[in-house]
Amino acid sequence: EAGVVQSPRYKIIEKKQPVAFWCNPISGHNTLYWYLQNLGQGPELLIRYENEEAVDDSQLPKDRFSAERLKGVDSTLKIQPAELGDSAVYLCASSLDRRTEAFFGQGTRLTVV
Amino acid sequence: DQQVKQNSPSLSVQEGRISILNCDYTNSMFDYFLWYKKYPAEGPTFLISISSIKDKNEDGRFTVFLNKSAKHLSLHIVPSQPGDSAVYFCAALMYSGGGADGLTFGKGTHLIIQP
């Protein structure tokens, strides 16, 4: 069974440019998460989806970040415009539901220069 | 304020010996605790979990212990193998409302297995 797939693996952009990340969760997983991981830190939740509904986006900086999960499957996370401080690894994860363990993708390493 | 704390940034253990990774939490509302393992340039991989109604869960070489009164859990790896060298994250989950609905992670402990 395929795991969580994220693309791209790496992205380098100039500040003020837009960037988007894509995630395909494990088939049948209703819950999808986007996490941010800074160097030397644990992952921090940005947003959680139950099917296509964003049910917890309190940690998402809404002035520049947006996310969507069309048809309750794939998801995209967008940053516009990117800032130097956005350089980090963006992790997507999915689980059967919010009470079970989450499975992570390999992440997208973003570098803003 | 960190709700899940891993106070040892790194731990070095000789191959074949026991590795003990520790984790403390502050929020008594957490219902479920998990350990993840992470290799460089990869996402975290689920390792083992424990419900708050239990005090021990074992899976092969890995055992997790939970002490609710002390708000402390630990991961034991016996015997330690070179492939166990990785960063280990402790994470906690709250079933009911009142906090973040996703996993809350600690900062991780880098385990190094010495030959």
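Residues numbered from 1 in each chain as written. Chains lettered and ligands numbered in written order. Predicted model: local features only at pLDDT ≥ 70, side-chain atom pairs only at ≥ 80, totals over all residues. Heavy atoms only, no water.

### A few points about unusual backbone geometry
Residue and element names in this part refer to chain A. Backbone torsion omega between Ser-7 and Pro-8 reads -5°, so that peptide bond is classified as cis. Put simply, Gln-80 and Pro-81 share a cis peptide bond, and its omega is -5°. As for its placement among the helices and strands, Pro-81 is situated in the loop between strand E8 (75-79) and strand E9 (88-95). Within the chain, Lys-16 stands out as a residue other than glycine whose phi angle is a positive 80°. For Lys-16, the location among the structural elements is in the loop between strand E2 (10-13) and strand E3 (19-24). (Helix = DSSP H or I, 4+ residues; strand = E, 2+ residues; numbered from the N terminus.)

### What to know about the pairing of strand E4 (residues 31-37) of chain A
Residue and element names in this part refer to chain A. Most of E4 sits inside the fold, with seven of its seven residues counted as buried. Burial of E4 is two-sided: the residues Thr-31, Tyr-33, Tyr-35 and Gln-37 facing one way and the residues Leu-32, Trp-34 and Leu-36 facing the other way are all buried. The pairing of E4 with strand E5 (residues 44-50) spans six bridges and is antiparallel. Bridge pairing in E5 links Leu-36 to Glu-44. Linking two consecutive strands that pair antiparallel, namely E4 and E5, is a turn of six residues; a positive phi of about 80° is found at Gly-40 within it. (Buried < 20%, exposed > 50% of the residue type's maximum accessible area, 1.4 Å probe, protein only. Pairing = 2+ DSSP bridges.)

### Here we look at the interface of chain B and chain A
On the side of chain A, 21 residues touch chain B, which itself brings 21 residues to the contact. Summed over both partners, the interface of chain B with chain A buries about 1,700 Å², with 53% contributed by carbon and sulfur atoms. Seen at the junction of chain B and chain A, the total is zero salt bridges. Seen at the junction of chain B and chain A, the total is three residue pairs in polar contact (both at pLDDT 80 or more). Of all the secondary structure elements, the ones that give two or more residues to the side of chain B that touches chain A are strand E4 (32-38) and strand E9 (86-93) of chain B. It is E4(B) that contributes the most residues to the side of chain B that touches chain A, four residues altogether. (Contact = heavy atoms within 4.5 Å. Buried area = accessible area lost by both parts, 1.4 Å probe. Salt bridge = Lys/Arg side-chain N within 4 Å of Asp/Glu carboxyl O. Polar contact = N/O pair within 3.5 Å; in protein donor to acceptor, adjacent residues only side chain to side chain.)

### Quick look at the sheet that holds strand E7 (residues 65-68) of chain A
All names here are of chain A. Taken together, the four strands give an open sheet; going across it, the order is E1-E3-E8-E7, and neighbouring strands pair in antiparallel fashion. Edge strands, defined here as strands with exactly one partner in the open sheet, are strand E1 (5-7) and E7. Across this sheet, the average inter-strand angle for adjacent strands is 15°, counted without regard to direction. Bridge count for E1 against E3 is three bridges, and the pairing is antiparallel. Residue pairing for E3: Val-5 is matched across the bridge by Asn-24. (Axes fitted to C-alpha atoms, helices over the stretch in contact; angles between N-to-C directions.)

### Observations concerning the confidence of the model for chain A
Scored by pLDDT, chain A comes out at a mean of 93, with 99% of its residues at no less than 70. Element-level mean pLDDT values for chain A span from 86 in strand E6 (residues 53-56) of chain A up to 98 in E3(A). (pLDDT = per-residue confidence, 0-100.)

### Side note on the side chain of Lys37(B)
Residue and element names in this part refer to chain B. The topology assignment puts Lys-37 in strand E4. It is Asp-84 that comes nearest to the buried, bridge-free Lys-37 among opposite-charge side chains, at 4.0 Å. In this structure the side chain of Lys-37 is engaged in a polar contact, spanning 2.9 Å, whose partner is the side chain of Tyr-39. Residues in contact with Lys-37, not counting those within four places in the same chain, are Gly-43, Pro-44, Thr-45, Leu-47, Gly-83, Asp-84, Ala-86, Val-87 and Tyr-88. (Lys, Arg positive; Asp, Glu negative; His and termini not counted.)

### Thoughts on the nonpolar core
With 24 residues, the main nonpolar core has Phe33(B), Trp35(B), Leu73(B), Leu75(B) and Tyr88(B) as its most contacted residues. With four residues, E9(B) is the largest single contributor of residues to this core. Among the nonpolar cores identified, the runner-up in size contains 22 residues, and Leu32(A), Ile47(A), Leu77(A) and Leu110(A) belong to it. (Core = buried A, V, L, I, M, F, W, Y, C linked by side-chain atoms within 4.5 Å.)

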